[in-house]
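# Structural description and commentary
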Amino acid sequence: TAAPTFGPFASRPDFARLIEAGSDRDVLRLCRRLLREDPADVAVREVAVRAEWNLERYEDVLRTTRRLIADNPSEPGYRFLEALALRALGRWSASIDAARRGLRECSDARFSARYAQLIDELDHAQLTAIEKLRKRDARVAGLVDRDPTQAGRSLGFELSWFEASDADLGRVVPTSPTGGI
């Protein structure tokens with residue numbers, strides 16, 4: 001397939017060649033060189049973050065994404081990528097916070113639905129992890145039985161219903177704070 005002829009690709013055939021070859025390391029190396037020449041080039045930064053993601057360099061994805069958010073806070077995809085990177089790093093609480101913030105700030109209905117779906121996925125993954133911990137550790141089971149919210153937080157989790165209202169989430173949340181745990 002031919003590489004796009006827009007954005008950073010239009011005047012840089014080397015990008016197109018590298019992306020077609022599937023060499024994320026080379027693309028990232030080129031992006032870093034170009035960003036040293038022009039640190040404000042958002043298009044190059046977007047290509048760089050894609051390569052970082054493909055290389056599973058999630059701390060780098062987080063840094064690059066936060067720079068993109070600073071440059072253009074109204075772009076809903078940047079906050080979404082921040083939440084995904086935080087999830088990949090296992091930083092559940094921060095991931096939920098980023099997704100909540102993205103949902104609050106988002107005026108694009110498509111992205112709002114994606115944020116709500118991501119929040120649901122984060123809740124499900126965390127509930128699964130908490131349930132596994134609960135089954136393996138009687139102390140955790142006792143904590144969860146006494147106060148699921150506090151237990152979740154003490155374990156580093158942040159579920160969507162901990163502090164968000166139904167209206168903030170744009171959906172119905174479980175009536176039981178443990179979601180069946």
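These remarks concern the structure in this document.

## Examining unusual backbone geometry
The backbone of Glu56 shows a phi angle near 60°, a positive value even though the residue is not glycine. Examined against the element boundaries, Glu56 turns out to sit in the loop between helix H3 (42-54) and helix H4 (58-71).

## A closer look at the environment of Leu127
Note that Leu127 resides in helix H7 (residues 109-136). With relative accessibility at 17%, the residue Leu127 sits in the buried group. Distance from Leu127 to Gly152, taken between C-alpha atoms, is 8.9 Å for residues 25 residues apart in sequence.

## Some thoughts on helix H2 (residues 24-37)
Its 14 residues place the ends of H2 20 Å apart at the C-alpha level, agreeing with the 20 Å of an ideal helix rising 1.5 Å per residue. Every buried residue belonging to H2 is among Val27, Leu28, Leu30, Cys31, Leu34 and Leu35, and all of these are buried. Burial along H2 is one-sided: seen end-on, the buried residues are contained in an arc of 165°. Counted as exposed and oriented over 90 degrees from the buried face of H2: Arg29, Arg36 and Glu37.

## Considering H4
With 14 residues, H4 extends 20 Å from end C-alpha to end C-alpha; this agrees with the ideal 20 Å at 1.5 Å per step. Within H4 the residues assigned to the buried category are Tyr58, Asp60, Val61, Leu62, Thr64, Thr65, Leu68 and Ile69. Residues of H4 that are buried sit in contact with H2, H3 and helix H5 (76-88).

## What to know about the pattern of salt bridges
Opposite charge on two side chains allows them to pair when their charged atoms are near. Considering all chains together, one arrives at 17 salt bridges under this definition. Close ionic contact of Arg32 with Asp60 constitutes a salt bridge, the shortest N to O distance being 3.6 Å. Of this pair, Arg32 sits in helix H2 while Asp60 sits in helix H4, and the two are 28 residues apart along the sequence. A salt bridge links Arg110 to Asp108, with the nearest nitrogen and oxygen atoms 3.2 Å apart. Each of Arg66, Arg79, Glu82, Arg101 and Glu105 takes part in a single network of salt bridges with overlapping partners.

## Re the nonpolar core
Ranked by size, the top nonpolar core spans 30 residues in total, and within it Phe80, Ala99, Tyr115, Leu118 and Leu122 carry the most contacts. Looking at this core, the elements with two or more residues in it are H4, H5, helix H6 (92-105), H7 and helix H8 (138-146). With residues up to four places along the chain from it excluded, the contact list for Tyr115 reads Pro76, Arg79, Phe80, Ala99, Gly102, Leu103 and Cys106. Ranked by size, the runner-up nonpolar core spans ten residues in total, among them Val27, Val44, Ala48 and Ala51.

Thresholds applied
- Residues numbered from 1 in each chain as written.
- Predicted model: local features only at pLDDT ≥ 70, side-chain atom pairs only at ≥ 80, totals over all residues.
- Heavy atoms only, no water.
- Helix = DSSP H or I, 4+ residues; strand = E, 2+ residues; numbered from the N terminus.
- Buried < 20%, exposed > 50% of the residue type's maximum accessible area, 1.4 Å probe, protein only.
- Expected span 1.5 Å × (residues − 1).
- Arc of directions from axis to C-beta.
- Contact = heavy atoms within 4.5 Å.
- Salt bridge = Lys/Arg side-chain N within 4 Å of Asp/Glu carboxyl O.
- Core = buried A, V, L, I, M, F, W, Y, C linked by side-chain atoms within 4.5 Å.

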